Every structure is written in structure tokens, then in C-alpha cells.
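# Inside the fold
Each chain, written out:
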Amino acid sequence: MKKITPISRRTLAAALAAAAIFPSTAAMAGEVVGTVTDLDETTALQAAELRIVELDRIATSARDGSFRFPDVPAGNYTLEVRYVGAPDVSIAVNVSDDGVATVPVKMGVAGSSEILVIGQAANQASALSRQRAADGVSSVLTRDAVGQFPDQNVAESLRRLSGVNILNDQGEGRFVSVRGLDPNLNSSSVNGVRLPSPESDVRSVALDVISSDLIESIEVKKSLTPDMDGDTIGASVEINTVSAFDRKKDLLTIKAEGSYNEFRDSVSPKASLDFSTRLSDDFGIAGGISYYRRKFESDNVEADGWDVAGNGVGYVEELEYRDYDVTRERISASLSLDLRASDTTTLYARGLYSQFDDQEYRRRLTLIFDEEPESGDANSAQFTDDDGRIEVRRDIKDRFESQKIKSLVLGGDTETGPWKLSYSGSWAKSSEYEADSIDPARFRARFDGDGVDVNLDYSNDMIPLYSITSGAALFTDPSEYSFNRIERSFPSNSQDEEYALRADLSHTSFMDGGEFTIQGGVKSRWRKKSYDFDLEFYGDYDGDFTLADVLGTQTYRITDISPVPSYTGATEFFRANFGDFELDPIESDFGSAVEDYSVDEDILAGYLLGRWDSNTLRIIGGVRVERTSDDISGNLVELIEEGAPNGDDLVRVTPNRFQNDYTDWLPSITFRYEPQPNVVLRLAGYKSLVRPNLGDLAPRFVVEEADDGEREGEFGNPALRPYKAWNFDASAEYYFSTNAAISAGFFYKDVKNFIVDFNDENPGTFNGIAYDEAVIPINGDSAEVYGFEFSYSQALTFLPEPLDGLLIQFNYTYTNATGLLNDGREIDLPTSSRNTFNAVLGYEKGPFSFRLAGTYRDKYLDEIGGDATEDRIVADHFGLDASIKFDVTKNVQLFGEVINITDEPYFAYQARDNRRRLLQYEEYGITAKFGVKVKL
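Definitions and limits used
Residues numbered from 1 in each chain as written. Predicted model: local features only at pLDDT ≥ 70, side-chain atom pairs only at ≥ 80, totals over all residues. Heavy atoms only, no water. Helix = DSSP H or I, 4+ residues; strand = E, 2+ residues; numbered from the N terminus. Rg over C-alpha atoms; globule rule 2.2 N^0.38 Å. Buried < 20%, exposed > 50% of the residue type's maximum accessible area, 1.4 Å probe, protein only. Lys, Arg positive; Asp, Glu negative; His and termini not counted. Charge placed at Lys NZ, Arg CZ, Asp CG, Glu CD. Salt bridge = Lys/Arg side-chain N within 4 Å of Asp/Glu carboxyl O. Core = buried A, V, L, I, M, F, W, Y, C linked by side-chain atoms within 4.5 Å. Pairing = 2+ DSSP bridges. Axes fitted to C-alpha atoms, helices over the stretch in contact; angles between N-to-C directions. Contact = heavy atoms within 4.5 Å. pLDDT = per-residue confidence, 0-100. Phe/Tyr/Trp six-rings, centres within 6.5 Å; stacked < 30°, edge-to-face > 60°. Lys NZ or Arg CZ within 6 Å of the ring centre and 35° of its normal.

Bringing the overall build of the protein into the picture now. Counting its regular elements, the protein contains eight helices and 55 strands. On C-alpha atoms alone, the protein measures out to a radius of gyration of 31 Å, which is about the 30 Å that the 2.2 N^0.38 rule sets for 936 residues. With the C-alpha coordinates of the protein rotated into their principal frame, the extents come out at 105 × 75 × 55 Å. Evaluated residue by residue, the protein yields a buried proportion of 56% over its 936 residues. In the protein, 93 positive and 158 negative side-chain charges are present, and the distance between their average locations comes to 10 Å.

Applying the stated criterion across every chain, the model contains 73 salt bridges. In this structure, the salt-bridge partner of Glu-302 is Arg-322, at a minimum N-O distance of 3.5 Å. Remark: Arg-322 occurs in strand 18 (residues 314-340) and Glu-302 occurs in strand 17 (residues 283-308); sequence separation between them is 20 residues. No difference in accessibility class separates Glu-302 from Arg-322, as the two residues are buried. In this structure, the salt-bridge partner of Arg-657 is Asp-631, at a minimum N-O distance of 2.6 Å. With a gap of 26 residues between them, Arg-657 in strand 34 (residues 650-676) and Asp-631 in strand 33 (residues 617-640) connect regions that are remote in the sequence. For Arg-657, a relative accessible area of 55% corresponds to the exposed category.

Let us now look at the nonpolar core. Nonpolar side chains in soluble globular proteins generally cluster together in the buried interior. Within the largest apolar cluster, 61 residues are counted, with the highest numbers of intra-cluster contacts made by Leu-367, Leu-456 and Phe-581. In terms of residues, this core owes the most to one element, strand 24 (residues 437-447), which gives five residues.

Now for the sheet that holds strand 26 (residues 465-470). Strand order in the open sheet made by the four strands is 20-21-25-26, with antiparallel pairing throughout. With partners counted over all chains shown, the strands left at the sheet margins are strand 20 (375-377) and strand 26, one partner each. Averaged over all neighbouring strand pairs, the angle between strand axes comes to 15°, with direction disregarded. Note that strand 21 (residues 380-384) and strand 25 (residues 453-457) share five bridges and pair antiparallel. Looking at the pairing, Thr-384 lines up with Asp-453 of strand 25.

As a further point, take helix 6 (residues 569-576). The complete set of buried residues in helix 6 reads Gly-569, Ala-570, Thr-571, Phe-573 and Phe-574. Turning to helix 6, the residues buried within the fold contact strand 22 (390-416), strand 24, strand 27 (482-511), strand 28 (514-541) and strand 31 (581-583).

Of the residues in the protein, 94% reach a pLDDT of 70 or more, and the chain-wide mean stands at 88. Scored below 50 in pLDDT, residues 1-27 shows 13 contacts in the model against residues more than four places distant or in partner chains.

With the rule as written, the count across this model stands at 38 aromatic pairs. Each ring, one from Phe-701 and one from Phe-766, has its centre 5.9 Å from the other, and the planes form 90°; the classification is edge-to-face. Within this pair, whereas Phe-701 is found in strand 36 (residues 701-705), its partner Phe-766 is found in strand 41 (residues 764-766), the two being separated by 65 residues in sequence. Assessed through its relative accessible area of 2%, Phe-701 is described here as buried. Assessed through its relative accessible area of 13%, Phe-766 is described here as buried. Judged by centre distance (5.3 Å) and plane angle (25°), the ring pair of Phe-907 and Tyr-909 falls under stacked. We note that Phe-907, like Tyr-909, is buried. Over the face of the ring belonging to Tyr-348 we find Arg-350, whose NZ or CZ atom lies 4.6 Å from the ring centre. Here the basic side chain of Arg-488 rests over the ring of Phe-490, its NZ or CZ set 4.0 Å away from the ring centre.

Moving on, we get to helix 7 (residues 585-593). For helix 7, every residue scored as buried is listed here: Ser-588, Phe-590, Gly-591, Ser-592 and Ala-593. At its buried positions, helix 7 is contacted by strand 28, strand 31, strand 33, strand 34 and strand 36.

This part is about the sheet that holds strand 2 (residues 49-52). Read from one edge of the open sheet, four strands run 3-2-5-6, paired in antiparallel fashion. Edge strands, defined here as strands with exactly one partner in the open sheet, are strand 3 (57-60) and strand 6 (86-95). Between one strand and the next, the sheet's axes are offset by a mean angle of 20°, whatever the strand orientation. In terms of strand pairing, strand 5 (residues 75-83) meets strand 6 through eight bridges, oriented antiparallel. In the sheet register, Tyr-83 faces strand 6, and the bridge partner there is Ala-86.

Here it is as C-alpha cells:
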């Protein structure tokens, strides 16, 4: 007998371990594999449900349409296949010992296969199929759906889903709210890569950076299983770009369009290209690029400091009229490489690049009253400069900002026998950069005893209007407005970068009536976020410089705010005469130090779950553990009036650093029960967390000390604890007819440690720093969130022609989210809307397609004040959009879209004096689009 050497022992041990983990296919029974496609084999169908009748074993097709039944004993079987929108398919299959039975499955109705891959009905079928196959409660938006609506970015596409609404910026969707909750309570990922935030202070990702043209699907997962990251209370938003294996035939689509905004009176161009091709049976490449340059304007009114005068007249201390002129340029690109390296292993590489450039010009007229009104009534206030000074500011912001999101993931799956190994490594980086912006260049006049009287008309709660009842010649003379200040950011730089490694291993045991899977995994994330802001403050000019030197023409529509500066005049004057402007070192040093911070956040997670699958019942239970380590740096910045030895103001900067570690155990269990083929019941209970905003955690301590010793502070709080929540979901889904479903669900969340900004008006200390008044982010006591969802969608094909082309979609969500502050006050959680709904009426017949979509969200609390009368509330909002399409040929389509048909404004207010007292009003006008789409 041959002696075994140490090397051969190690070799044998490795071989035995490999055999244990990946048994040889020669020792296994047969397999049934295949791909589900539409009838003409153009598109892979994801989420088709397959069942081997005799074994009562089920499988679900992957995004490339593939499916696999391992360890199938030799014999003859019947394979049943179901997909929403298509008749069921039954196929006879013969499996031999140690053999592989390959079964191609084609779904559809003979002569009308396009219903599964093209248009509104196809989108609905695909979305309902994926929703039906999901483990937990989720909503899905597929590639075709994105193209059916007049949406400009991913955020706007998501608002069509049940329980989802968006928060706008300049009339364009930006942040996503799920079930009425704050966007910070969601997580977002692209191709499985967690997206860091380009914004300096928050974790929430502004999804307007990503073009909707590059998306294959978006899934909003509202309940969690142990294999998912545990840091979400609202939902996990998972975005997937196109893969080469999503289609079975090559694709090249070119789209060109123009958009017209009635305020800007100009046409903005947009173009996109996407492609997918197989270079061989086992290797493919897919990707796309999108470009959009949008010009638009908006008109805005803002107010601050509402009060009641001694004579009983309600008034506002400061009123602003803002005129925005914006050019947004968005470039997005994606690339995906897919390889079947062997019969058991697939590999992929997927990258995304998005750049969002924003050139904003904002002209502003500000009225500041330092005395109460002389007279007035319930709808007006009359001010005179005989009683006190009236200050008038006219300024211009000339700001260019660029946001970028980049991600890359390399990964793969290896399946052999009952074992499956999934693995990936990823990198993502987001940034927001602003260089050499002027924000603002201000000109100022102070009228005191000059005969200038101003009347404010509050009869329209949304739009207070001013009129000059005396001294109009002085008020409108540009030479009266002398240079006051220029603030220059040089630069503002936010960076957020994350690396991650992940591995998941599972083993499935096949038994009578179902299969049992044990799965475990580990994931490590390394994140670094930093913000560096440098300010140059110029408060004096050696010479004469007035508004008359940079005069422009107003484009404001609400009222006459002339004279106004031109868009670039002040910037050009500043650069041409730079040496004559005097830098204020105190304001510059103070402004440059207060915002800076850096955070290193490392998260190590592991999980173990068990999964039971049968024809009717799926149970997933387990636990996830996440270890979080933070290393946070910032500055204590003190501005002390007359604090220097020579009596000048003093800025004192002291670096700070804090470290924090904590561990969270997150158990969960999910039930999916299908008592009959068209009914699905779900039940889920799980624990989750949301870590505090990194900007709130950063130890940025800012104190301004007046010459009388009064100290006002604004602090970050490195001791903030994460939100923690126990979550419960229950839902019932009924899939009826060929392409229709109705669902209803209930959700409940018990939230601890929710975070709010606390305005402390009493003297105290924070981290050893004394203050007389301060704003500090703190953990609240507890919050309770509960509500229900309802959705209905149906293609009305049973109606007589031509009405059989109608399609209806409707969803409604009620959310009650209340919290208790440490002072005992009960509030609605910020950004929580009680009622939201989406309604769609579509029509699709022959070459013609039409869709009318409405979205509504209720009012919500935006910011917490010292009491209820100081809370900032955003009014309810209803938006209506329409799109129309016409297929000129099979490959050429013309389309038109109208956005914001109802010209719905944004309105924020305070509820006081039995009125809705304006804080912000903004209107955007209607935008129309038109274009052509060509498939080659």
C-alpha cells in the first residue's frame, strides 16, 4: 500500500472537502433545466412558476428565464408552467439516470405573442408575475412600464407603485417615500450595490441622478428576509440595469425627444440608446447611454417670522420673492457583461455611471421689517419707514453643482447538485461638487424716514403680495441698492464611497411534498463619507458698485420684482475687479470650518436562514447580525464677538473625534401560502434598523457668542442611536382573469429611537459645551406606524371592441405614523403622509396607446418647530400626467407626453392664527414632450 505523504494528505483532504461541498454530478440523479421565453423567443420571462406535478416540486424562472430542478429521479413527468397574462403550459418530460433533460418553454397566445413583451399589458403581466413569485411583500416596475409613463428619472418612475410617493425639487421627483415615511428610512441599491448618497448630510439617495432609460426593473421590497441588508424601515429599493441574458435576440433602440416648459419657452433635447447582444451562446454584452438637457423656470415666494402685532394685526417679518432659472444636464450610462463559464457557473460584471449637473440662477427680492405694522386687518399689514427701518435686498445666486454616482460589481453564481454559492465584490462612489459658485451676490437698501411705505396683502394664503404705497421711485431705483456682500464657495465637496464583499452558500434537501434549504452568508461593507466646504466672504468693495452696474430683466410671473440683477453680471464684475473686493477673514474662516466632517463606517454582517418550499407553502425564518463601527471627526467652531485681544471678533476651531460600536440582532420570519393557484397570502415579522444620518452624527459643534456673552449653538450628536423597529406585514393577493390582480395588506411598525431636531431654548451644556439656546438632533422616545394598502389592476380584454384595449390600475395607501417626543408632545413623523394613491387609465389597441396617470399624497410634517404653530407642513399634492404613442411601423414609434397638466404648485405653511401662514410657495408650469423611438 502506498504511503500517504503530508502533501498528499492535504490534497486528499481538500478533495474530500470539495466533494462534500460540490458533489460530482455523476453521483446525482438527473436534472430538468430550461428557459422560459415568449412564443417567438425574443424575451426571457422572469418569475414564471414551474411545477413537476408528480414530485410536487416548484421552481421560479430567473431574470434570464432559466430554471433548474436538480436531483430528479429517472422517470416520466409533467411540467406545468404559469405566467400572468398567458395560458398555462403543460409539457411532458423524460428524465434518465444521471442525465439532463433540457426543456424549452414558450408562453403566449398563438398569433399574439407581443402581449407578453410589448406595451402596457406586457408590463402589467411582468410586474404581477414578479410580485406573485416574491417571497415577501413587494411592488415591481419593469422596463416596459418605465417607458409607458412621462417620467424623467428613476424617482418619478417609482411613484407609480403601490404605497410610493416622491418628494420634489424644482418640480422634479427627487427622493422616494414608501408608505408615507421619510426617505431616510429607505435603502437603495443598483445591481445589488448599495448606493452611497451624494448629498453632504443624509443617507437617502436622490434618485433623480439616475435616468429611467437604463432600467430593466425596479423592485420595492417592503418586508425583509435574513439574507437582505437589515437597514431599512420603509423599503429596500432595488434597481437593476439591463443584462445581455434578459433577451434572447439582439436589441438596439434609439430614442430622441424634445421637451418644452411653458415658463422657459424653449425646447430641451433628450436622447438615449440601449442595446443587448449575444456574442456567443454563453457570452453577452448589454448597456445604454442617456442624455437629457432640461431648461426650466420656477417662481417662488417664501416667508419667515410670522407674528401678531400689538394692534392685533398678523404679519411676517421677512418676505422673499424668488425667480429660478435652471438648466439640468443628466448623463447616464450602464454596461453589463454576462458569461456562462460552465454548466454550473455564471459570472457577471455590471457598471453604472450617472452625472447630474445643475446650473441654477436665482434672483431674489427680500423685504425685512424691523418694526410691527402701523395698521392692517385680517388680510393685510401696512408698514411705514417712519416707524422703523424697512430693509430691501436684491441678490443673485449663480451656482453650478455636479452630482455623480458610480458603481461596479463583479460576481457570479455556482450551482451543482443541491449546493449553490453566490458571491460578489462591489465598489460605489457618490459625490457632489460645487466650485467657484456665487451664492449670493447681494445689493441692499435701507429705508428709514425716507417716505417708503409697503403694504402686504395676505388675502391669498399661498401668495402674499406687496405694493409700494409711497416712495416707489426710491424703491425701484437700482442705484439705491449698493453692494452688500458676496459669498463664494471655493469649493464645496461631498464624497461618499463604499466597498463591499459578499458570499452566500445554500444547500437544498429534496423530500416528499417539498424541499428544505439551509442558507448562510456574510457581508462586509467599508464606507467613508466626508464633506469639505470652503467659503470666501467679501463684505466690502473699494469703489462704487450698485445694482445699476449689473442690471437685468425680470422673468418673474407672480408680481413685479424689478429691478433685478442679470444672471451673470455680478459674477463677471467680481472676477474682473477681484482685487478691489475685501475678504472678510472672520466670516470666511467661520463658514469654512462649520460644515467639515469625516466618517468611517464599517459594517460586518452574517446570517443563517432555513427555507421550506412546497407547492402551497413557503416559510423563510432566520436571524441576521450586523456589527457597526463608526470613527467620526468634526470641528467645534466658536465665533466670539469682540473675543480677540484687540477687540475684534475671534474664530476658534477645535478638532473633535468620536468612536462608536454597536451590534444588532435582527430575527425574521416570512410565510407565503397559496391555498389555490390564484390566491397568495403573506405574513412577515422582522426586526430592522436605520442608522442616523452621517451629517447628524458628525461632531460639528457650532457656537456663536454675542458680545453680551449670550451663546447660541447648533450641534451634531455622535451619541445618536439608530432607529430600531419591529415590523409586521400581512397581505392577500387574488390573481383573476388572464391579466388582473387585486391585493390588500396591513402593516405595523413599532419604532424606537426615531430622530428629530430639538430646539432647546433653555441654558444647558452639550458634550461639555455651554449654550443659552441650541438646536440638537436627538433620539425621540417611540413611534408607532400602521396602515394598509390596496391595489387593483386589470386589462379589460373582456369588453367588446374597441373597449377591450382599456387597462386600469389603482392603488391606495393609508399610513398613521406618530411619535412621542421626549417632552411628551405627540407628532406625526416627519415626511409622513396619511393618504396616498395612484390611478392609471390606459388604452392600447393596434398601433395606438394612451395613458393618463394621476398621483396624490396628503399633507405631511416637514420640520418640527418649538410648538405646533411653528411646525413646517407641506400641503397635499395631486399631479396629472398623460402620454400618447403611435406605432408608425413595427420598429418606429412616435410619442407625446404632458407633465403636470394641472399646474400643481408646492406649498409649505405654518398652521397658526386659524390660517395657513405661508413658508414656501413654488410653481413650475406645464412641460410637454414629443419624440420618436426606433428599434433596429
